[in-house]
Amino acid sequence: MKATICIPTYNEIENLEAMLDALEPVLREGDRVLVIDDASPDGTGALADSLASKRPYLEVLHRAGKEGIGPAYIAGFRRALAEGAELVIEMDCDFSHAPGDVPRLIDAAENGADLVLGSRYVPGGAIPNWGVVRRAISLGGNLYAQAILTVGIRDLTGGFKCFRRRVLETIDLDANHAHGYAFQIETTYRAKRAGFAIREVPITFSDREHGTSKMNKAIVLEAAWRVPLLRMRALARRL
Ligand SMILES: Nc1nc2c(ncn2[C@@H]2O[C@H](COP(=O)(O)OP(=O)(O)OP(=O)(O)O)[C@@H](O)[C@H]2O)c(=O)[nH]1
Ligand SMILES: [Mg+2]
């Protein structure tokens, strides 16, 4: 199945080329990489264009400004689907998601899962370099979402995922207005509600070594209010 790996970027000039170099060995015939850049002030978009001129598998989608990962991914998914991708993969540009794990996600999708989640919270998953505070925020966020949504998924907030195209064609992407982690929770929840088979494969999540994190309080707070809203909309049968 032809896969398109969607990578949103905002100020990833130190990581982008190394990321593509690391992905190349796992790309199969027909697989593509789509970089979705929100006009990064550090010039990531221009670097992506120049790399794309030498790498036929690479395409760059430029957006006007920073809007968070949600709108960037939706634009990327639409482009990937329009170009015929059978599998659509999400991953970060900061090496938190190991390029070498991509084939495991693809295998799980090709073996029956509609949505595969790279999961830190199933046996075998790990986050070796996180301190107590970061661990507590992530674990607390997952437990909170789990308690409200009751979907039996361990890692609802992760951003390393592989969708079969029918999932993205079915769930209402335009109704997903989330900008941060809530976007990840909402896509997975909508896929579950629609009856798709979801599988979690363990991953080791590494901290970024170059560039800066875009995680902030607003992103965490957004997830806190969007999760109960999502549940209420589901109860009202509006998704
Ligand atoms: N296009 C686009 N990409 C973004 C935006 N915000 C973050 N990204 C990218 O999304 C990916 C994840 O962002 P990070 O800054 O690593 O944030 P995070 O992974 O949630 O948090 P950390 O664990 O602290 O790294 C990276 O590839 C970012 O460059 C945005 O507004 N637009
Ligand atoms: Mg990151």
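Calculation notes
Residues numbered from 1 in each chain as written. Chains lettered and ligands numbered in written order. Predicted model: local features only at pLDDT ≥ 70, side-chain atom pairs only at ≥ 80, totals over all residues. Heavy atoms only, no water. Near = heavy atom within 4 Å. Polar contact = N/O pair within 3.5 Å; in protein donor to acceptor, adjacent residues only side chain to side chain. Areas by Shrake-Rupley, 256 points an atom, 1.4 Å probe, with all protein chains shown as cover. Pairing = 2+ DSSP bridges. Helix = DSSP H or I, 4+ residues; strand = E, 2+ residues; numbered from the N terminus. Axes fitted to C-alpha atoms, helices over the stretch in contact; angles between N-to-C directions. Contact = heavy atoms within 4.5 Å.

J.: So what exactly am I meant to see when it comes to the site of ligand 1 here?
T.: Lining the immediate surroundings of ligand 1 are 22 residues, of which E12, G68, D94, S213 and K214 lie closest. A distance of 2.8 Å is found between an oxygen atom of ligand 1 and a side-chain nitrogen or oxygen belonging to K66. Between ligand 1 and the protein, one listed contact pairs an oxygen atom with a side-chain N or O atom of D92 at 3.1 Å. The protein chains hide 93% of the 630 Å² of surface that ligand 1 would expose on its own.

J.: Mind showing me how you'd approach the sheet that holds strand β4 (residues 87–90) here?
T.: Note on sheets: strands pair through backbone hydrogen bonds, and any given pair is parallel or antiparallel. Taken together, the seven strands give an open sheet; going across it, the order is β3-β2-β1-β4-β6-β5-β7, and neighbouring strands pair in mixed fashion. Among the strands making up the open sheet, the edge pair consists of β3 (58–62) and β7 (198–202). With strand direction ignored, the average angle separating the axes of adjacent strands in the sheet is 20°. Inspection of the sheet shows strand β1 (residues 3–9) paired to β4 by four bridges, in the parallel sense. Note that in β4 the partner of C6 across the bridge is E90. Helix α1 (residues 16–23) contacts β1, β2 (32–37) and β3 of the sheet and is inclined by roughly 165° relative to β1.

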